[in-house]
Amino acid sequence: MIYRENGQFKTSYRADQQIFPILQDRIAVLALLAIAFVVVPFAASDYMLRAILIPFLILSLAALGLNILVGYCGQISLGTGAFMAVGAYAAYNLQVRIEGMPLILSMLFGGLCATGVGVLFGIPSLRIKGLYLAVATLAAQFFVDWAFLRIKWFTNNSASGSVGVGSLDVFGYSIETPVQKYLFCLAFLCVFALLAKNLVRSAIGREWMAMRDMDVAASVIGIRPVYAKLTAFAVSSFYIGVSGALLAFVYLGSWEPAAFNINRSFDVLFMVIIGGLGSIMGSFFGAAFIIFLPIVLDQLLPVLGSMVGLNLGTAFVSHAVFMIWGALIIFFLIVEPHGMARLWSTAKEKLRLWPFPH
Amino acid sequence: MGFFLETVIGGLMTGMLYSLVALGFVLIFKASGVFNFAQGAMVLFAALAMARFAEWIPQWTGLEGKFLNNALAFVAAMVVMYLVAWLVERLVLGKLVNQDGITLLMATLGIAYFLDGFGQTIFGSDIYKIDVGMPKEPLFLFDKVFPGGVLVNEEDLVAAGIATALVIGLAAFFQYTGTGRALRAVADDHQAAQSIGIPLKRIWVIVWTVAGFVGLVAGVIWGSKLGVQFSLSLVALKALPLVILGGLTSVPGAIIGGLILGVGEKLAEVYLGPHMGGGIEIWFAYVLALVFLLIRPQGLFGEKIIDRV
Amino acid sequence: MKLKSLSLAVVLVAAGTAHTFVMAQAKEQFFPVLSYRTGPYAPNGIPWANGYVDYLKLVNARGGINGVKLVFEECETGYDTARSVECYERLKGKNGGATLVQPLSTGATFALTEKAPGDKIPLITAGYGRSESQDGGIFKWNFPLIGTYWVAADALTQHIGKKEGGLDKLKGKKIALIYHDSPYGKEPIPLLQQRAAMHGFELQLLPVTAPGVEQKSTWLQVRQSRPDYVMLWGWGVMNSTALKEAQATGYPREKMYGVWWAGAEPDVKDVGAGAKGYNAVTMQHGAEPNSKFVQDVLAMVHGKGQGTGAKEEVGSVLYMRGAISAMLGVEGVRRAQERYGKGKVMTGEQVRWGLENLALDQKKLDALGFAGVMRPVSTSCVDHLGANWARVHTWDGAKWTFTSDWLQADEQIIKPMVKQAADKYAAEKKLTRRTPEDCQT
């Protein structure tokens, strides 16, 4: 009843190929964007913006990138943290070494450098796959960790190895308050999400999916594995690099290589798995889940514990977060391997018929 | 020259210890085709269980005598690992039969995180001691030949001895017992094994229990060396390039891969490290494995991967 | 059925969020506690957090700060910078606003140094953080009270020099620095390089990748180069691993000197007799089980069943460190109250003034229960350090005992380095040095 598609006829191929062919979907997405851009800046508290929404936006971008690689192209990567670090430090170096460098250009440059590194560490994917590729990307992770600790030039010769950026501004508008930072990240995310959605619907996206499903058969019918795999690595690393630059500049402000260590890689991988492999929307669900869960548990568990007379400290909450993540990954893999995004799609499918039984 | 020997011996010892952890990986992969990312967490969990039980058993039963306490704690930890194996088979593996490798890999990642949190909730986050009477002082051999002698770590020697005994025991188990033969059959071909009546579920529980046992031994040895704490599970990450190097399906590969990696790592850190500022140990193993993978993707002793379309 | 589970979920969430809407009572000072009780650094983070919280409870048991009660909330950071920032953001506005923040992590200090001035929350980094932040002229909101890493490294060098019979006798000697490969571990390097140039000893730098469980190659290198002394700049698991490896390679522990974060019970308890002879510099206090403060805590906090953590931990090195860190914060609030109104709740800005004008003389410290433990602390506009005394203590297999006189860091060497580094920071961030008028506010 909500999703009545009666009367929505498409009279051109262009209309048929829209991202959101159903009018209700279009309205919903536009409403969501309107709320995100207009209502949230006024309604949300500073804390909500700074500590929840901004990391959500930034990590969604990273999850989007990783989803392209793992979900659409089927190449496992555990080096997300490394690519984020490359993006962050490259953007930092450009910003600090050249006076008056526009911020957006630095971020994009960070993404480009991450692309280079990503393609470099993606070359092994031409020979190996699955677990072996995961180990190869771990090599990237640890090597990049070490490089940013050891090679002084990358950190502008700071004695401690910790670097920071001062106040940010874009075309004269400063990006200082939480609202400005939020809108900045949101703008980036929207542009990149649109690009990603169109990429995966295009020829290159279909090549990626063919490589994921059956790479030998794909190469037999003429899809070049080198091109497909390396472009997946390139695009994915670009997204991840930009998200790394955003994380460093906008959220942390001052960081060290440990901010991009292997835990970060696992975090983003979990987002992609729980959110849904091979789904753009899934990246958002996964990011929201991974960010919200610790915060919700932090508030909820002590209350629950005091209801049963237990004094549950912060350490237990940390452990509980780990346990719930682990349990949920297993749960999703068993019940719905395609993650929360598939649950959402199934719900939407049901909504198309509701209230009719079949 | 003496120092070079020291480094090589140190590397061999360390490699042996990594092999212990890698053995668990290989066992599980051989028998169930699952790459167990949770092996590190299992090592940690087993070591924590042993350390804490060794502390608690005297409190609960009032028994004295270190040997008795340690033996009881070992048995208790073994029971815990059996429970873990059984639960894993029931709740995870049994439900994910026939899924592809990536899914199973990620499921074991979930198990790893769960065991991490659960282990620390039950057993605590402090550094716990495992005292099985390992010698702590160093040995200096050949000090007539080399000035200052060649340093050999007694504890590492004992550990290497235990590891060798374990490998021989496992080899005998696989070769001469019925269960061992069943395991090998399952490793060869699941369906064929099932068709001749080998109960797959029970075999998986047995395999995970054996891997848990190997993990417990590894955990006791590592824990005795370093103290048992959360960060022990990071040691298992080092075992990943090891199994890649040696081949995922080969037990001798795990050993030899470990030895190569251990020696390579130590030599690189001691001789190459100072020129690169130090700290290269962390990625050297991975880069070595990576280079190796490009030349021989199945590892030294692994089976060639054949893809059917 | 579905409605039941849905309403149950709603009730639970409401209960959870309602808990957070507790309005601050009129007379409460909020202290967020950024601690870590999980992860590789938990064994050292837990006693510190217990000491910190116990001190706050003791202040409440004594009636608060002139009647103002202290309210605190812990947040788990896991020694991770991003989580520390998240905890900071979450807690800084709660319960009327955070009074001050002590992140117990050098990495988090760097990140929060950028945020705290905008939020007007003073940052106390007693014994860690940026060494140059002792220059209050640039770092208005940072307070590395009673110790920085340059003070520690300097004290150690002086002690080693004394052992050799004079700093000039260090010429030609070799000192190895085994450090945690992070901003924390790298902090002492500039000062040690300066001292090495001055006295002619060779400084060998051996980084250990975090978290520091893999040190076999490091100690093989130590065995190869046979340094005369080894300085250990580790944290968490890295410390006990270092001592175990030292024992395994036969390096005499008497020649090892750790920083004050590498010289506590969790680091040596495991190794026991194998760590006998290991020395560490202390930030004035060591393990103080006989101090009056400990007796007060046992009576008024643990005696009432309010203790955080085990009773046996009270008085241990890191417990005392946490308690003293809390004490410095509380005294800053008390000093602020002297100017802005006794018995009133203080804002972050007012507490900042209080911390900048600390005048803890020996009488006050003795009254607080720290007789024989601490020396007077007095801060000023340009000096946010307050005191630069240190001692060295040694592990005898069962406990820590002091084995040196009071050492004082050499200001002639440190001050120019601080000024240079602070000026560099100011140039980067486009800040100007504070004017004398600004110092009066």
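Quantities reported herein were computed from a predicted structural model and do not represent experimental measurements.

J.: Would you mind going over the interface of chain B and chain A with me for this structure?
T.: Accessible area lost during the coming together of the parts is what is often quoted as the interface size. With 40 residues of chain B at the interface, the matching set in chain A holds 33 residues. Of all the secondary-structure elements, those providing two or more residues to the side of chain B that touches chain A are α4 (101–123), α9 (232–246) and α11 (281–295) of chain B. The element contributing the most residues to the side of chain B that touches chain A is α4(B), with 17 residues. Split into classes, the residues belonging to the side of chain B that touches chain A amount to 28 nonpolar, nine polar and three charged.

J.: In this structure, what is going on with the nonpolar core? I would like to understand it.
T.: Soluble globular proteins tend to pack their nonpolar side chains together in the buried interior. Among the nonpolar cores identified, the biggest contains 366 residues, and A:Ala88, A:Val135, A:Leu246, A:Ile329, B:Ala47, B:Met50 and B:Val207 are the most heavily contacted of them. In this structure, this core is formed jointly by two domains, domain 1 (26–148 + 288–389 + 420–440) and domain 2 (149–286 + 391–409) of chain C, each of which donates at least three residues. Among residues more than four places away in sequence, those in contact with A:Ala88 are A:Gly110, A:Gly244, A:Ala245, A:Leu247, A:Ala248, A:Trp255 and A:Phe260.

J.: Would you mind going over the pairing of strand β12 (residues 389–395) of chain C with me for this structure?
T.: Successive residues of a regular strand alternate their side chains across the two faces of the sheet. All names here are of chain C. Extensive coverage of β12 is indicated by the burial of six of its seven residues. Direction of pairing for strand β9 (residues 279–282) relative to β12: antiparallel, over a ladder of four bridges. Residue pairing in the sheet places Ala-280 in a bridge with His-393 of β12. Examined bridge by bridge, β12 and strand β14 (residues 407–408) share two bridges and lie antiparallel to one another. Paired with Ala-390 across the two strands is Leu-407, which belongs to β14.

J.: Sorry if this is basic, but what is going on with helix α5 (residues 149–164) of chain C here?
T.: Helical geometry note: an α-helix holds 3.6 residues per turn, so side chains three or four residues apart project in the same direction. All names here are of chain C. For α5, spanning 16 residues, the distance from its first C-alpha to its last is 22 Å, which sits close to the expected 22 Å at 1.5 Å a residue. Burial analysis of α5 places 12 of its 16 residues in the buried class, the great majority of the element. For α5, the set of buried residues is Tyr-149, Trp-150, Val-151, Ala-152, Ala-153, Asp-154, Ala-155, Leu-156, Thr-157, Gln-158, His-159 and Ile-160. Backbone geometry just after α5 places Gly-165 at a positive phi near 100°.

J.: Explanation requested: the interface of chain B and chain C in the structure shown.
T.: With 30 residues of chain B at the interface, the matching set in chain C holds 31 residues. For the side of chain B that touches chain C, the secondary structure elements donating two or more residues are α1 (2–32), β2 (150–153), α8 (200–226), α9, α10 (251–272) and α11 of chain B. For the side of chain B that touches chain C, the element with the most residues is α1(B), which contributes five residues. Looking at side-chain class alone, the side of chain B that touches chain C contains 10 nonpolar, 11 polar and nine charged residues.

J.: How should the packing of helix α13 (residues 314–335) of chain A against α4(B) be read in this particular structure?
T.: What describes two packed helices is the angle between their axes and the distance between those same axes. In the contact formed by α13(A) and α4(B), the axes pass within 7 Å of each other and the chain directions differ by 155°. In this view, α13(A) runs roughly antiparallel relative to α4(B), as classed from their interaxial angle. For the crossing formed where α13(A) meets α4(B), the hand is left-handed. Residues of the contact of α13(A) with α4(B), tallied by class, amount to 17 nonpolar, seven polar and one charged.

Here is what the cut-offs are and how they apply
Residues numbered from 1 in each chain as written. Chains lettered and ligands numbered in written order. Predicted model: local features only at pLDDT ≥ 70, side-chain atom pairs only at ≥ 80, totals over all residues. Contact = placed C-beta atoms within 7 Å. Helix = DSSP H or I, 4+ residues; strand = E, 2+ residues; numbered from the N terminus. Nonpolar A, V, L, I, M, F, W, Y, C, P; charged D, E, K, R; others polar. Core = buried A, V, L, I, M, F, W, Y, C linked by C-beta atoms within 7 Å. Buried ≥ 20, exposed ≤ 12 C-beta atoms within 10 Å, placed from the backbone. Domains from an automatic or database assignment. Pairing = 2+ DSSP bridges. Expected span 1.5 Å × (residues − 1). Axes fitted to C-alpha atoms, helices over the stretch in contact; angles between N-to-C directions. Parallel < 35°, antiparallel > 145°, perpendicular 65-115°, else oblique. Left-handed = near helix turned anticlockwise from the far one by under 90°.

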